[in-house]
Amino acid sequence: MSKCEQCIVREFSSLKALTKEELLKLSDCKTSHIIKRGEVIFEEGENVNGIYCIKDGICKLIKLSANGKDHIVKLVTKGELLGQRSMISDEPVNLSAVALEDMHVCFIPKADVMGYFDQNNQFSMNVMKTICGDLKEADDHMVNLAQKTVKERLAETLLYLHDTFGKNEDESLKVQLSRDELASIIGTATESCIRLLSDFKKSGLIELTGKKIVLKDINALKKLAD
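Residues numbered from 1 in each chain as written. Predicted model: local features only at pLDDT ≥ 70, side-chain atom pairs only at ≥ 80, totals over all residues. Heavy atoms only, no water.

1. Quick look at the overall build of the chain
Reasoning step 1: Each helix and strand in the chain was counted, giving nine helices and 10 strands.
Reasoning step 2: Its C-alpha radius of gyration of 19 Å places the chain within 12% of the 17 Å reference for a compact globule of 226 residues.
Reasoning step 3: The principal-axis extents of the C-alpha atoms in the chain amount to approximately 55 × 40 × 30 Å.
Reasoning step 4: Counting the 226 residues in the chain, one finds 44% classified as buried.
Reasoning step 5: Taking the contacts inside the chain whose residues are at least 6 apart along the sequence as the reference set, 69% of them involve residues at least 24 apart.
Reasoning step 6: Put simply, the chain shows about 12100 Å² of open surface, and 50% of that area lies on carbon and sulfur atoms. (Helix = DSSP H or I, 4+ residues; strand = E, 2+ residues; numbered from the N terminus. Rg over C-alpha atoms; globule rule 2.2 N^0.38 Å. Buried < 20%, exposed > 50% of the residue type's maximum accessible area, 1.4 Å probe, protein only. Contact = heavy atoms within 4.5 Å. Areas by Shrake-Rupley, 256 points an atom, 1.4 Å probe, with all protein chains shown as cover.)

2. Some remarks on the environment of Ser-13
Reasoning step 1: Tracing the backbone through its elements, the reader meets Ser-13 in the loop between α1 (8-12) and α2 (20-29).
Reasoning step 2: Taking C-alpha positions, Ser-13 is 19 Å from His-33, a pair spaced 20 residues apart along the chain.
Reasoning step 3: In contact with Ser-13, other than residues within four places in its own chain, are Gly-79 and Leu-81.

3. A word on the sheet that holds strand β6 (residues 81-82)
Pairing between the strands of a sheet comes from backbone hydrogen bonds, and it takes one of two forms, parallel or antiparallel.
Reasoning step 1: Pairing within the open sheet is antiparallel, and its four strands lie in the order β1-β8-β3-β6. Each edge of the open sheet is held by one strand with a lone partner, namely β1 (31-35) and β6. (Pairing = 2+ DSSP bridges.)

4. With respect to the layout of surface pockets
Reasoning step 1: Reported here for the largest pocket is a volume of approximately 1400 Å³.
Reasoning step 2: Val-73, Lys-74, Asp-134, Glu-137 and Ala-138 are, among the 49 residues lining the largest pocket, the residues nearest its centre.
Reasoning step 3: Every element with two or more residues in the lining of the largest pocket is listed here: β4 (58-64), β5 (70-77), β6, α3 (84-89), α5 (121-147), α6 (150-165) and α7 (179-186).
Reasoning step 4: Of the residues forming the lining of the largest pocket, the biggest block, 13 residues, is contributed by α5.
Reasoning step 5: Here the lining of the largest pocket is composed, by residue class, of 21 nonpolar, 16 polar and 12 charged.
Reasoning step 6: Two domains share the lining of the largest pocket, each providing at least three of its residues, namely domain 1 (4-145) and domain 2 (148-225).
Reasoning step 7: Taken as a whole, the second largest pocket holds about 240 Å³ of empty space.
Reasoning step 8: Forming the boundary of the second largest pocket are 15 residues, of which Lys-69, Asp-70, His-71, Asp-180 and Ser-184 lie nearest the centre.
Reasoning step 9: Contributions of two or more residues to the lining of the second largest pocket are made by β4, β5 and α7. (1 Å grid on protein atoms, 1.4 Å probe; cavity = no way out; pocket = protein on both sides within 12 Å on 5 of 7 lines; lining within 4 Å. Points joined across faces, edges and corners; volume = space filled by probe spheres on them. Nonpolar A, V, L, I, M, F, W, Y, C, P; charged D, E, K, R; others polar. Domains from an automatic or database assignment.)

5. A short note on α5
Reasoning step 1: Taking 1.5 Å per residue as the helical rise, α5 with its 27 residues ought to reach 39 Å, and the 39 Å between its terminal C-alpha atoms agrees with that figure.
Reasoning step 2: By the burial criterion, the buried members of α5 are Phe-123, Ser-124, Asn-126, Val-127, Ile-131 and Asn-144.
Reasoning step 3: With a side-chain oxygen positioned 3.2 Å from the backbone nitrogen of Gln-122, the residue opening α5 is Asn-120. (Expected span 1.5 Å × (residues − 1). Polar contact = N/O pair within 3.5 Å; in protein donor to acceptor, adjacent residues only side chain to side chain.)

6. Quick look at the nonpolar core
Reasoning step 1: One finds Leu-158, Leu-182 and Ile-206 to be the most contacted residues of the largest nonpolar core, which totals 29 residues.
Reasoning step 2: At six residues, α6 tops the list of elements feeding residues into this core.
Reasoning step 3: Domain assignment of the residues forming this core places at least three in each of domain 1 (4-145) and domain 2 (148-225).
Reasoning step 4: The contacts of Leu-158, once residues within four sequence positions are left out, are Leu-173, Leu-182, Phe-200, Ile-206, Ile-213 and Leu-215.
Reasoning step 5: Membership of the second largest hydrophobic core comes to 21 residues, among which are Val-9, Leu-23, Leu-26 and Cys-53. (Core = buried A, V, L, I, M, F, W, Y, C linked by side-chain atoms within 4.5 Å.)

7. What about the side chain of Lys-74?
Reasoning step 1: Following the sequence through the fold, Lys-74 ends up in strand β5.
Reasoning step 2: Within polar-contact distance, the side chain of Lys-74 engages the side chain of Asp-134 at 3.1 Å.
Reasoning step 3: The contact partners of Lys-74, leaving out residues within four places of it in the chain, are Cys-59, Lys-60, Leu-61, Glu-80, Asp-134 and Glu-137.

Here is the structure:
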């Protein structure tokens, strides 16, 4: 089992402010888990009582709407933490986390993290900054849904997937989402999403092979997204 002080998550998350000694203590109290694709890490309304560090893999954070459909709020990848906000607010999580691919995550109990808030000012500042960043993202997303067309949102999402998660050797987007999942992110019906992807293909913006999407004209997609 790898030590926290050698872990990739430490470099990219709030944990980077912890000292080597503090990280060694964390190593002793964390538990390591392999989460299979499609498995739930935690469910909306659950008391998580700690944070999850994503060592490898990608998950989707989803909100169940009143009509029973999943709405994807965000994709989270390795190097990030889950559950920081509910740990601070002392409330159940307001989203569910589901693995989009096989994942390696570590769980650190709340009791073992909260002590660092008193001891390490930079750590508590980092956590607050992350939560503020999430709020800003949520605001931007809300404005996008209100002001951008579905076409613009699809272009923006395809670019986001490309820039954030990269490509496979065959140039296709590394994160392969179903048409349902893609529609959920851009806030439209699956049929509309399928129709738009087909339009994008006809216009030479993308190439489609099953679930695989290749971005053919990134500049045109950028113009459309803006």
